[in-house]
Amino acid sequence: MKYMLLLRVPQRPAEGTPEWDQMGVEFGAAKQAMESAGVLVDCAPLAWTDSATTVRVRDGQTLLTDGPAAEIKEHLGGYTILDCADLDEALKWAAANPAAVTGSVEVRPILAP
Amino acid sequence: MTDPLAQALRSHWWPAVATLTRLLGDLDLAEEAVQDACAVALARWPAAGVPANPLAWLVGTARHKATDRIRREAVRAQKEAAAMAQPDRAADQPHWAPAGDDELGLILLCCHPALDIEVRVALTLRCVCGLSTSEVAAAFLLAEATVAQRLVRAKRKIRQAGIRFTVPPPDDLPARLAAALRVVYLVFTEGHTASGGARLVRDELCDQAVRLARGLARLVPGEPEAAGLLALVLLTDARRPSRVDGRGRLVLLADQDRSRWDQARIAEGDRVLQAALRAGRPGPYQIQAAIAACHSTAATAQETDWPQIAGLYAELLRYEWNPVHLANRAVAVAMAEGPAAGLSLLDSVAAQPQLSRWPQLHIARADLLTRLDRPAEARAAYRAALELNLSEPEREFLERRLGARVDTPSAQPDQP
């Protein structure tokens, strides 16, 4: 069954810094491991929350907010979609994700359409 | 459940639900089907007699009940196919016995670490032990609706999140087993010293914890920590008959009538512990069992080997640093080396917010302060304990202490 890993991270290093490069290496390795195991469906980082727009429709009116839906310490920094045998397998991949070390990884089953 | 027939049915609940969960691939449906089969048994067995293999009968009947339910609901067509596709091993074979893997799979499923610990406890008592929702609610002083909602959510998560009914591979077993042992430990500690309510001891929880610990130790014979937990539960539970007096009032370990302790249970616990220790892989449950053995095998309170207990607590702290163990160590040190040594250890940890919420810490401090002839501070410590969550017998005990200063050799709490 399919799972979405929501990668939440406290902040992101500035582009071009050694920390940025390091992050690229770590996420690259995690991606490669999931690919070799044949579980990876899709994964991508998201542009940072300063380019987020939140949409709400109230009483037929569309309201836009500049920024993420909730101000919290960890922001959604990327996602991964996996096809795994069961939750235990998905949890192992979540624990192997670099975001689990600096932030958290929320594992959500994707409901069949 | 006091009816002997109902008791007998409950003893088959674990393997029956386990087998049905494997056959049906659905915990919820399995539990409902076994419940239905038990209702049929309760109605029929008194007149028709108990079948030669009651468990096989229950499993066979539950399968038919499950099929009925699936047909009624009509939407789970593929489950019906799955239920009937399996060879009918159970119903017609008098020597049919459940597979241990199924029973282990069921308890590991109910104790999956992706479920909240309170949910795990409720689910285990319901699906493994066969307690009704209202019995689980009563045991934890919760509203029945709260427990029912927890169970519904848990089963939905198991189904939706893809938590599988399976014995995990050897690499994953220790972590999964630890989660199950933790649930059994919590059931036992809540039974042994209720965190609230009219009774100090909840017999039904102690009994279920013993049953679960026995079951786990049998299912994973190569895991000394499972045996360690069984030994801990047996050695501590053996003191149950003397922990409250005739009026339901708490009796301290030092003041208990040791002739009322269950010697058979102590001997069994000691045997289980010795066998576990021979594996040479000690762990926190084995160490706690060794501490329980020091108490339960001492002929009198005076003969308790306090230096040994203090040493075991120090060892335990190496495995899991926990303020409660630290406070217990301080009490043991006080008994071995004198109240001043114990008090200075207690005071070194008393400032921790987590520990100051533990009433036994304040009770132990109060006792040591009394023995050091510092009555005003002792009274303050008793009052601090009274502000925390306590069962009625514990509260009444402290009020007695505050009312009339009583001197006893030790206020060692009778904790597992």
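Remember, it's a predicted structure, so these values are computed and weren't measured experimentally.

S.K.: Just give me the short version of the overall build of chain B, but keep the residues and values in it.
M.R.: Along its length, chain B carries 20 helices and zero strands. Overall, chain B is about 75 × 45 × 40 Å in size when its C-alpha atoms are taken along their principal axes. For chain B, the residues scored as buried account for 56% of the 416 residues in total. The long-range fraction of contacts in chain B, counting pairs at least 24 apart against all pairs at least 6 apart in sequence, stands at 68%. If you sum the accessible surface of chain B, you get close to 17,600 Å²; carbon and sulfur atoms cover 53% of it. Distance from the positive charge centre (50 side chains) to the negative charge centre (49 side chains) of chain B: 3 Å.

S.K.: Account for unusual backbone geometry, naming residues and giving values.
M.R.: Of note, aspartate 59 of chain A is a non-glycine position whose phi angle comes to about 50 degrees, a positive value. Within the secondary structure, aspartate 59 of chain A is located in the loop between β3 (53–58) and β4 (61–66). A positive phi angle, close to 55 degrees, is found at leucine 141 of chain B, a residue other than glycine. Secondary-structure assignment places leucine 141 of chain B in the loop between α7 (133–139) and α8 (144–161).

S.K.: A description of the packing of aromatic side chains should follow, citing residues and the corresponding values.
M.R.: All names here are of chain B. Tallied over the entire structure, the rule returns two aromatic pairs over all chains. With a centroid separation of 5.7 Å and an interplanar angle of 55 degrees, the aromatic rings of tyrosine 185 and tyrosine 285 are classed as tilted. Highlighted residues: tyrosine 185 in helix α9 (residues 173–192) and tyrosine 285 in helix α13 (residues 284–296), separated in sequence by 100 residues. Taken as a pair, tyrosine 185 and tyrosine 285 share a single burial class, namely buried. For arginine 239, the ring lying beneath its charged end belongs to tryptophan 261, and the centroid distance is 6.0 Å.

S.K.: Which residues make up the sheet that holds strand β1 (residues 2–9) of chain A, and what values do they have?
M.R.: All names here are of chain A. Pairing in this open sheet of four strands is antiparallel, and the strands run β2-β5-β1-β6 from one edge to the other. The open sheet has two free edges, formed respectively by β2 (40–45) and β6 (104–109), since each of these has just one partner strand. The sheet shows a mean angle of 20 degrees between the axes of neighbouring strands, direction not considered. Relative to β6, β1 runs antiparallel, the two being bridged by six bridges. When the bridges of β6 are listed, methionine 4 appears paired with arginine 108. Contacts from helix α1 (residues 18–36) reach β1, β2 and β5 (75–83), with the element oriented near 165 degrees to β2.

S.K.: Outline the pattern of salt bridges, supporting the account with residue identities and numerical values.
M.R.: All names here are of chain B. One pass over the structure, following the stated rule, counts 32 salt bridges over all chains. A salt bridge links arginine 318 to glutamate 315; the shortest N-O distance between them is 3.0 Å. Of the two residues, arginine 318 and glutamate 315 are both situated in helix α14 (residues 306–319); the distance of three residues between them amounts to about one turn of the helix.

S.K.: I'd love a proper account of the interface of chain B and chain A, names of residues and values included.
M.R.: Counting from both sides, the interface comprises nine residues of chain B and, opposite them, 10 residues of chain A. For chain B, the biggest contributors to the area lost against chain A are Gln160, Ala161 and Arg164 of chain B; these three give 50% of the whole. The interface formed by chain B and chain A holds three salt bridges in total. Ionic pairing is found between aspartate 86 of chain A and arginine 164 of chain B, a salt bridge with its closest N-O pair at 2.9 Å. In this structure, the connection of chain B to chain A is made through six residue pairs in polar contact (both at pLDDT 80 or more). Across the side of chain B that touches chain A, the residue classes tally to three nonpolar, three polar and three charged.

S.K.: How would you sum up the confidence of the model for chain A? Please name residues and give values.
M.R.: On average, chain A scores 91 in pLDDT, and the residues at 70 or more come to 99%. Across chain A, α1 of chain A holds the top mean pLDDT of 95, while β4 of chain A sits lowest at 84.

S.K.: Before we move on, can you summarise the packing of helix α11 (residues 224–237) of chain B against α13 of chain B with the specific residues and values?
M.R.: Residues and elements named next belong to chain B. In contact at an axis separation of 8 Å, α11 and α13 are set at 25 degrees when each is read in the N-to-C sense. As far as their axial angle goes, α13 and α11 are roughly parallel. Considering how the two elements wind past one another, α11 and α13 form a crossing that is left-handed. Contacts from Pro224, Glu225, Gly228, Leu229, Ala231, Leu232, Leu235 and Thr236 of α11 reach α13 at Pro284, Tyr285, Gln286, Gln288, Ala289, Ala292, Ala293 and Ser296. Looking at the contact of α11 with α13, its residues break down into 10 nonpolar, five polar and one charged.

S.K.: Please provide a residue-by-residue account of the layout of surface pockets, values included.
M.R.: Reported here for the largest pocket is a volume of approximately 1,300 Å³. Lining the largest pocket are 42 residues, with Leu186, Thr189, Glu190, Ser195 and Trp358 of chain B sitting closest to its centre. Mapped onto the lining of the largest pocket, the elements with two or more residues apiece are α6 (117–128), α8, α9, α13, α14, α15 (323–337), α17 (353–356) and α18 (359–371) of chain B. Here the residues of the lining of the largest pocket sort into 23 nonpolar, 12 polar and seven charged. Space inside the second largest pocket adds up to approximately 620 Å³. Forming the boundary of the second largest pocket are 27 residues, of which Val9, Met23, Gly24, Phe27 and Pro98 of chain A lie nearest the centre. Looking at the lining of the second largest pocket, the elements with two or more residues in it are β1, α1, β2, β5 and α3 (99–102) of chain A. Partitioned by chemical class, the residues of the lining of the second largest pocket number 14 nonpolar, nine polar and four charged.

S.K.: So what's going on with the nonpolar core? Which residues, and what values?
M.R.: Counting residues in each nonpolar core, the largest one holds 148 residues, and the members touching the most others are Leu27 and Leu123 of chain B. When neighbours within four sequence positions are excluded, leucine 27 of chain B is seen to be in contact with Val17, Thr21, Leu106, Leu109, Cys110, Leu123, Cys127, Lys155 and Ile158 of chain B.

The rules behind each value
Residues numbered from 1 in each chain as written. Chains lettered and ligands numbered in written order. Predicted model: local features only at pLDDT ≥ 70, side-chain atom pairs only at ≥ 80, totals over all residues. Heavy atoms only, no water. Helix = DSSP H or I, 4+ residues; strand = E, 2+ residues; numbered from the N terminus. Buried < 20%, exposed > 50% of the residue type's maximum accessible area, 1.4 Å probe, protein only. Contact = heavy atoms within 4.5 Å. Areas by Shrake-Rupley, 256 points an atom, 1.4 Å probe, with all protein chains shown as cover. Lys, Arg positive; Asp, Glu negative; His and termini not counted. Charge placed at Lys NZ, Arg CZ, Asp CG, Glu CD. Phe/Tyr/Trp six-rings, centres within 6.5 Å; stacked < 30°, edge-to-face > 60°. Lys NZ or Arg CZ within 6 Å of the ring centre and 35° of its normal. Pairing = 2+ DSSP bridges. Axes fitted to C-alpha atoms, helices over the stretch in contact; angles between N-to-C directions. Salt bridge = Lys/Arg side-chain N within 4 Å of Asp/Glu carboxyl O. Buried area = accessible area lost by both parts, 1.4 Å probe. Polar contact = N/O pair within 3.5 Å; in protein donor to acceptor, adjacent residues only side chain to side chain. Nonpolar A, V, L, I, M, F, W, Y, C, P; charged D, E, K, R; others polar. pLDDT = per-residue confidence, 0-100. Parallel < 35°, antiparallel > 145°, perpendicular 65-115°, else oblique. Left-handed = near helix turned anticlockwise from the far one by under 90°. 1 Å grid on protein atoms, 1.4 Å probe; cavity = no way out; pocket = protein on both sides within 12 Å on 5 of 7 lines; lining within 4 Å. Points joined across faces, edges and corners; volume = space filled by probe spheres on them. Core = buried A, V, L, I, M, F, W, Y, C linked by side-chain atoms within 4.5 Å.

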